[in-house]
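Each chain, written out:
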Amino acid sequence: MTSEHPGLYESFDDRFREGRCASGDDAVEVLYTGCRWAEGPVYVPAWRQLVWSDIPNDRLLRWDEETGAVSVFRRAAGHTNGNTLDREGRLITCEQGNRRVTRTEHDGTVTVVADRWQGRRLNSPNDATVKSDGSIWFSDPDFGITSDYEGHRAESEIGSNNVYRADPSTGEVRLVADCFGAPNGLVFSADERRLFVSDTGAGLVRVFDVRDDGTLSDGAVFAEAGAREAARFDNIRFDDAGRLWVAAMDDGVHCYDPDGTLIGRLVVPETVANISWGGVKRNRLFLTAGTSLYSVVMGVTGTHPTGPGRRPWLDTAR
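Residues numbered from 1 in each chain as written. Predicted model: local features only at pLDDT ≥ 70, side-chain atom pairs only at ≥ 80, totals over all residues. Heavy atoms only, no water.

## Comments concerning the overall build of the protein
Scanning the protein from N- to C-terminus turns up one helix and 27 strands. Its C-alpha atoms give the protein a radius of gyration of 18 Å, near enough to 20 Å, the size a compact globule of 318 residues would have. The dimensions of the protein, computed from C-alpha atoms along their principal axes, are 55 × 45 × 40 Å. In the protein, buried positions account for 59% of the 318 residues. Sequence-distant contacts in the protein: of pairs separated by 6 or more residues, those separated by 24 or more amount to 45%. Between the mean site of the 36 positive side-chain charges and the mean site of the 49 negative ones, the protein shows a separation of 4 Å. (Helix = DSSP H or I, 4+ residues; strand = E, 2+ residues; numbered from the N terminus. Rg over C-alpha atoms; globule rule 2.2 N^0.38 Å. Buried < 20%, exposed > 50% of the residue type's maximum accessible area, 1.4 Å probe, protein only. Contact = heavy atoms within 4.5 Å. Lys, Arg positive; Asp, Glu negative; His and termini not counted. Charge placed at Lys NZ, Arg CZ, Asp CG, Glu CD.)

## With respect to the side chain of Thr-93
Along the chain, Thr-93 falls in strand E8 (residues 91-95). The exposure class assigned to Thr-93 is buried, which follows from its relative accessible area of 0%. Polar side-chain contacts of Thr-93 include one of 2.9 Å to the side chain of Asn-83. If we skip the residues at most four places from it in the chain, Thr-93 touches Thr-80, Gly-82, Asn-83, Arg-100, Val-101 and Thr-102. (Polar contact = N/O pair within 3.5 Å; in protein donor to acceptor, adjacent residues only side chain to side chain.)

## Let's talk about the side chain of Asn-184
Position of Asn-184 relative to the elements: it lies in strand E17 (residues 183-188). Residue Asn-184 is classed as buried on the basis of its relative accessible area of 2%. With sequence-adjacent residues up to four places away left out, Asn-184 is seen in contact with Asn-126, Asp-127, Ser-139, Phe-143, Val-197, Ser-198, Thr-200, Phe-233, Asp-234 and Asn-235.

## Considerations on the nonpolar core
In this structure, Trp-245, Leu-266 and Met-298 are the most contacted members of the largest nonpolar core, which totals 23 residues. Those elements that provide at least two residues to this core are strand E22 (244-247), strand E23 (253-256), strand E24 (262-266), strand E25 (272-278), strand E26 (284-289) and strand E27 (292-297). When near neighbours in sequence (up to four residues on either side) are disregarded, Leu-266 contacts Leu-8, Tyr-9, Trp-245, Asp-251, Gly-252, Val-253, Leu-285, Val-296 and Met-298. Counting residues in hydrophobic clusters, the runner-up holds 17 residues, among them Phe-233, Leu-244, Val-246 and Leu-262. (Core = buried A, V, L, I, M, F, W, Y, C linked by side-chain atoms within 4.5 Å.)

## Some points on the sheet that holds strand E21 (residues 236-238)
Strand order in this open sheet of five strands is E1-E24-E23-E22-E21, and the pairing throughout is antiparallel. At either margin of the open sheet sits one strand with a lone partner, and together these are strand E1 (9-11) and E21. Mean inter-strand twist for the sheet, computed between neighbouring axes without regard to direction, equals 20°. Looking at chain direction, E22 and E23 are connected through four bridges and run antiparallel. Note that in E23 the partner of Ala-247 across the bridge is Val-253. (Pairing = 2+ DSSP bridges. Axes fitted to C-alpha atoms, helices over the stretch in contact; angles between N-to-C directions.)

## A closer look at the sheet that holds strand E5 (residues 59-64)
Read from one edge to the other, the open sheet built from four strands follows the order E3-E4-E5-E6, with strand pairing classed as antiparallel. Each edge of the open sheet carries a strand with a single partner, namely strand E3 (38-44) and strand E6 (70-75). Ignoring strand direction, the axes of neighbouring strands in this sheet form an average angle of 25°. In this structure, E5 lies alongside E6, joined through five bridges in antiparallel fashion. Within E6, the position partnered with Arg-62 by the bridge is Ser-71.

## So, the environment of Thr-102
As for its placement among the helices and strands, Thr-102 is situated in strand E9 (residues 100-104). Expressed as a C-alpha distance, the spacing of Thr-102 and Trp-63, which sit 39 residues apart in the sequence, is 21 Å. With residues near it in sequence (within four places) discarded, Thr-102 still touches Leu-91, Ile-92, Thr-93, Glu-95, Val-110, Thr-111, Val-112 and Val-113. Separated by 2.9 Å, the side chains of Thr-102 and Glu-95 make a polar contact.

## A few points about the packing of aromatic side chains
Under the definition given, this model contains 14 aromatic pairs. For the ring pair Phe-196 and Phe-222, a centre distance of 5.2 Å and an interplane angle of 90° mean the geometry is edge-to-face. In this pair, Phe-196 is assigned in strand E18 (residues 194-199) and Phe-222 in strand E20 (residues 220-224), connecting sequence segments 26 residues apart. Judged by centre distance (6.3 Å) and plane angle (90°), the ring pair of Phe-233 and Tyr-256 falls under edge-to-face. Separated by 23 residues along the polypeptide, Phe-233 in the loop between E20 and E21 and Tyr-256 in strand E23 bring together distant segments of the chain. The burial state of Phe-233 is the same as that of Tyr-256; both residues are buried. (Phe/Tyr/Trp six-rings, centres within 6.5 Å; stacked < 30°, edge-to-face > 60°.)

## Some thoughts on the pattern of salt bridges
A full pass over the atoms with the stated rule returns 23 salt bridges. Measuring nitrogen to oxygen at the nearest pair gives 3.0 Å for the salt bridge that ties Arg-15 to Asp-13. Taking the relative accessible area as the measure of exposure, Arg-15 reaches 28% and is therefore partly exposed. Between Glu-105 and Arg-103 there is a salt bridge whose closest N-O contact spans 2.9 Å. Residue Glu-105 shares its accessibility class with Arg-103, and that shared class is buried. (Salt bridge = Lys/Arg side-chain N within 4 Å of Asp/Glu carboxyl O.)

Next up, the structure:
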């Protein structure tokens, strides 16, 4: 069943409304506008703040949930793109311009997690996710080296766009998947037995089985952007019912049932690059779209960036 356009929500399947995916606010709320190109939102519960990237302006911004104030979190930030949290609540950042993944320690110092693979500089890390063993998995397309707009123009030293795993103990960076046009958003399933990766270059979300030794299967197609003419896939996030929400650029935000069916979407006035769950109840979806930061409080609940379930260090604001 396809509905008419009731503003924010468009339903393609009864499961979208039955799962309360179309309940909540009836419009997106503009929290900030004035970026050149916004990406990488991550909600930090202990701070009650959202941090996100304004890539061409080379800065990280933060929005305060209590006051609504927006301020600069970091300037000369390395043309940052994706951000997430590790298991200790530290900020993990993909720096396109500096061609590295970093961790911001609790005292504010910045530690390099990964900047090379087999002695060669990474292309321009885009997004990251942290597994329960502390390993950091990240995508490395070439977006930050194709021009000076979102990084620094340069030749790739690797020659391909891949997904990597950084070992939490040794720091070893290992290539885990290399079958992409341009890998982008990535996230583990709740049981961490599958890794989902959006491929902006191929217009796909791919899913890989995660083996016990940390290697991946060859992967399969979970969703295709070509099913919707305006869609291009960027980052991806799960809600706690196992539905996958995809930033689909000019086609808003897609919602996929666990079986891979596109069941609905959110209609957004700008090009949606990234999404992230947050708020005290984790039912507030933040969207970085074009020049702006938006949010919508919904009837569904998202997972923490560090995985499902409550974690005391993340819930101090409760």
